Amino acid sequence: MEAPAPTSHATGFPVEGRCSYFVEKKKRFCRMVAAAGKRFCGEHAGAAEEENARKRILCPLDPKHTVYEDQLAKHLKKCNSREKPKPDFFTQDVNAGLKEEMDIPEQLVPFSSLSEEQLENLIKKLRKASEGLNSTLEDHIMSHPALHDALNDPKNGDCAVKHLKQQASILGNIEKLKLLGPRRCFVEFGAGKGKLSHWVDIALKDAENVHFILVEKMTTRFKVDGKHRKESSVFERLQIDIQHLCLNRVPVLREGRLPVVGIGKHLCGVATDLALRCLVETYAASFEERNEEPLAKRVRNDRRDQESSTLSKEESEANAPETWAPVAGIVIALCCHHRCDWRHYVGKEYFRALGLGPEEFYYFQRMSSWATCGMRRTSLGASDITTKRKDDQNYDNEEHDDGGDRLPDGSTDSVPGALTAEEKKDIGHLCKLLIDQGRLQYLQQKGFRPALQYYTDPLVSLENVLLTAVPAHLSSQEAAQR
């Protein structure tokens, strides 16, 4: 048990080998390691006259740290907070949606300020808009042999098993859609440590010409993609916001023209819409504009042209070039609808057709968090807490559903009137369903056959809905062949 922090310079002593600078704000000594023979760390050396007479100043790029004044010019060239040159695949707001639709109407009042009558009207609009929608999805809870050993490892705690079950089911659904194969590029959005791509790679074994692009805007520790050294697969990590990602400018896709499979595990609300637009509009549409064939298709066509002189007419017809699509499929586990944004949302046309607009969307997205209210464990035993902490060191904290009604700003929406937890949960699910329905219509209009299904048990994750989509013309051909 850690000793209480000292409350003044006169009490307590710094830990041996640590900085002797007393941080008044935190009422304790600095815990940074001091160099051998030094009393203070580099950050606080300037604060002690007996240690160093050189003056330290706040970094102009990031005032959270300091730098020696006489080394400022050198520091600014290597400071991690400096503006770095944009990569070729960066295009400002390319997946953001129309700028004129970004503003929330000014007349909106905070959710907690709604009257009972206003809330009742919103719920009536929600129920009317949801009429005819199937609120009970099909169960597609699956697994995959690639995760068999990991799932049965007795060293795994509950948290680890929870993540592995979800990854196994997502992998099983990818395989069921016939997307698990060679000569393609898997793009994992919101990749985190890259665990989902890791298991896809293991499932593919030594499949030829497989690339993985891991998209994550945050710096991530303990990444697993660096551990892959197979010649048959290549991992590339892009640190970029999906909002600015232009996939057709990524070298491996620009040069190889490989079919793309978009995947993601618990991709937060707005990130899902950005990813869909990135795949369907920015990437797929670029092929239509240039009227270009992918390399994989051109190679097959060239080979068939060479062989055509020796084939009979019947044989030539039997070996006609297969239909190809730049986006072979999409498999994304949805999450955090309360983090959606009207400007980025891809289903605006669907909402407008129902007589709904940004005002209703704003309140529906906030009410969507009710889908998980009243379902939390209010307390954890000491053993559970220890297990969870231990698991979290090795597994992504990918779940975003553990805040109940908590919103991105950390607040909660108080509800006018008297709604039971069960009523709130049903309304929250309807909000999620309506938002997802707009995504389905968007994908249908873009030539895909989309679907929603439960991919894991709610006891494993309350965010248990999987969005899948494959090109409609390919799926219809497969159905005709059966």
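Model, not experiment: these values are computed from the prediction.

A. Examining the environment of Leu72 more closely. Locating Leu72 in the fold gives a position in helix α1 (residues 72-78). For Leu72 and Pro60, which are 12 residues apart along the polypeptide, the C-alpha to C-alpha distance reads 9.2 Å. Leave out the neighbours within four places in its chain, and Leu72 touches Ile57, Pro60 and Val67.

B. Layout of the packing of aromatic side chains. All told, the structure shown has 13 aromatic pairs when counted by the stated rule. Look at Phe111 and Tyr363: their rings are 6.1 Å apart centre to centre, the planes differ by 50°, and that puts the pair in the tilted class. Taken as a pair, Phe111 in the loop between α1 and α2 (116-129) and Tyr363 in helix α11 (residues 358-367) lie far apart in primary sequence, 252 residues in all. Overall, Phe111 belongs to the buried group, its relative accessible area being 1%. Under the relative-accessibility criterion, Tyr363 is labelled buried at 3%. Aromatic side chains Trp342 and Phe351 sit 6.3 Å apart centroid to centroid with 65° between the ring planes, which places their arrangement in the edge-to-face category. You'll find Trp342 and Phe351 in the same group, each marked buried. Site record: aromatic cluster; members linked through ring pairs are Trp342, Tyr345, Phe351, Phe361 and Phe364. Here Lys86 stacks its cationic end above the ring of Phe90, 5.3 Å away from the centre of that ring.

C. Region of the structure containing the sheet that holds strand β11 (residues 448-454). In spatial order, the strands read β5-β11-β12-β10-β9-β6-β7-β8; together these eight strands make up an open sheet with mixed pairing. The open sheet has two free edges, formed respectively by β5 (138-139) and β8 (233-238), since each of these has just one partner strand. As paired elements, strand β9 (residues 260-268) and strand β10 (residues 327-335) share seven bridges and run parallel to each other. From the neighbouring strand, Ile263 faces β10, where its bridge partner is Val331. The strands touched by helix α4 (residues 158-176) within the sheet are β6 (184-189), β9, β10 and β12 (465-471), with β9 carrying the most contacts at an inclination of about 150°. Packed onto the sheet, helix α5 (residues 195-204) meets β6, β7 (210-215), β8 and β9 and runs at close to 170° relative to β7.

D. Structural detail: the environment of Ile123. Among the structural elements, Ile123 can be located in helix α2. What Ile123 contacts, discounting residues up to four positions off in sequence, is Leu419 and Ile427.

E. How the structure looks around the UniProt feature "domain: CHHC U11-48K-type" (unreviewed entry) in the protein chain. Those places that UniProt annotates as "domain: CHHC U11-48K-type" (unreviewed entry) correspond, in this numbering, to residues 56-83. Helix makes up 25% of residues 56-83 and strand makes up 21%, while its end C-alpha atoms are separated by 22 Å.

F. Inspection of helix α13 (residues 421-445) at higher detail. The terminal C-alpha atoms of α13 lie 37 Å apart, and with 25 residues this matches the ideal 36 Å at 1.5 Å per residue to within 8%. Remark: Gly447 follows α13 within two positions and exhibits a positive phi of approximately 90°.

G. Structural view of the packing of α2 against α13. Interhelical geometry of α2 versus α13 gives an angle of 55° and a closest axis separation of 10 Å. It follows that α2 is oblique to α13 by the angle criterion. The two elements α2 and α13 meet at a crossing, and its hand is left-handed. Seen from α2, the contacting residues are Ile123, Leu126, Arg127 and Ala129; seen from α13, they are Ile427, Leu430, Cys431 and Leu434. In terms of residue class, the contact of α2 with α13 is made up of seven nonpolar, no polar and one charged.

H. Focus on the pattern of salt bridges. Applying the stated criterion across every chain, the model contains eight salt bridges. Here Asp273 and Arg439 are joined by a salt bridge, their closest N and O atoms 3.0 Å apart. In this pair, Asp273 sits in helix α7 (residues 269-290) while Arg439 sits in helix α13, placing the two residues 166 residues apart along the sequence. Residues Asp273 and Arg439 agree in their burial class; the two are buried. When the shortest N-O distance is used, the salt bridge between Arg277 and Glu281 registers 3.6 Å. Here Arg277 and its partner Glu281 are both found in helix α7, four residues apart, which amounts to about one turn of the helix. With relative accessibility at 30%, the residue Glu281 sits in the partly exposed group. Where salt bridges share partners, they join Asp273, Asp436 and Arg439 into one cluster.

I. View of the side chain of Ser461. If you trace the backbone, Ser461 turns up in the loop between β11 and β12. In terms of polar contacts, Ser461 uses its side chain to reach the backbone amide nitrogen of Glu463, at 3.2 Å.

J. Geometry of the nonpolar core. Phe189, Ile213, Leu245, Leu247, Ile330 and Leu443 are the most contacted members of the largest nonpolar core, which totals 43 residues. Counting residues per element, this core draws most heavily on α7, at 10 residues. When residues no more than four places from it in sequence are discounted, the contact partners of Leu443 are Leu276, Val280, Ile330, Phe448, Pro450, Leu467 and Ala469. Counting 28 residues, the second largest nonpolar core, distinct from the first, contains Leu180, Val200, Leu204 and Leu214.

Rules used throughout
Residues numbered from 1 in each chain as written. Predicted model: local features only at pLDDT ≥ 70, side-chain atom pairs only at ≥ 80, totals over all residues. Heavy atoms only, no water. Helix = DSSP H or I, 4+ residues; strand = E, 2+ residues; numbered from the N terminus. Contact = heavy atoms within 4.5 Å. Phe/Tyr/Trp six-rings, centres within 6.5 Å; stacked < 30°, edge-to-face > 60°. Buried < 20%, exposed > 50% of the residue type's maximum accessible area, 1.4 Å probe, protein only. Lys NZ or Arg CZ within 6 Å of the ring centre and 35° of its normal. Pairing = 2+ DSSP bridges. Axes fitted to C-alpha atoms, helices over the stretch in contact; angles between N-to-C directions. UniProt positions renumbered as here; feature names shortened; annotations may be inferred. Expected span 1.5 Å × (residues − 1). Parallel < 35°, antiparallel > 145°, perpendicular 65-115°, else oblique. Left-handed = near helix turned anticlockwise from the far one by under 90°. Nonpolar A, V, L, I, M, F, W, Y, C, P; charged D, E, K, R; others polar. Salt bridge = Lys/Arg side-chain N within 4 Å of Asp/Glu carboxyl O. Polar contact = N/O pair within 3.5 Å; in protein donor to acceptor, adjacent residues only side chain to side chain. Core = buried A, V, L, I, M, F, W, Y, C linked by side-chain atoms within 4.5 Å.

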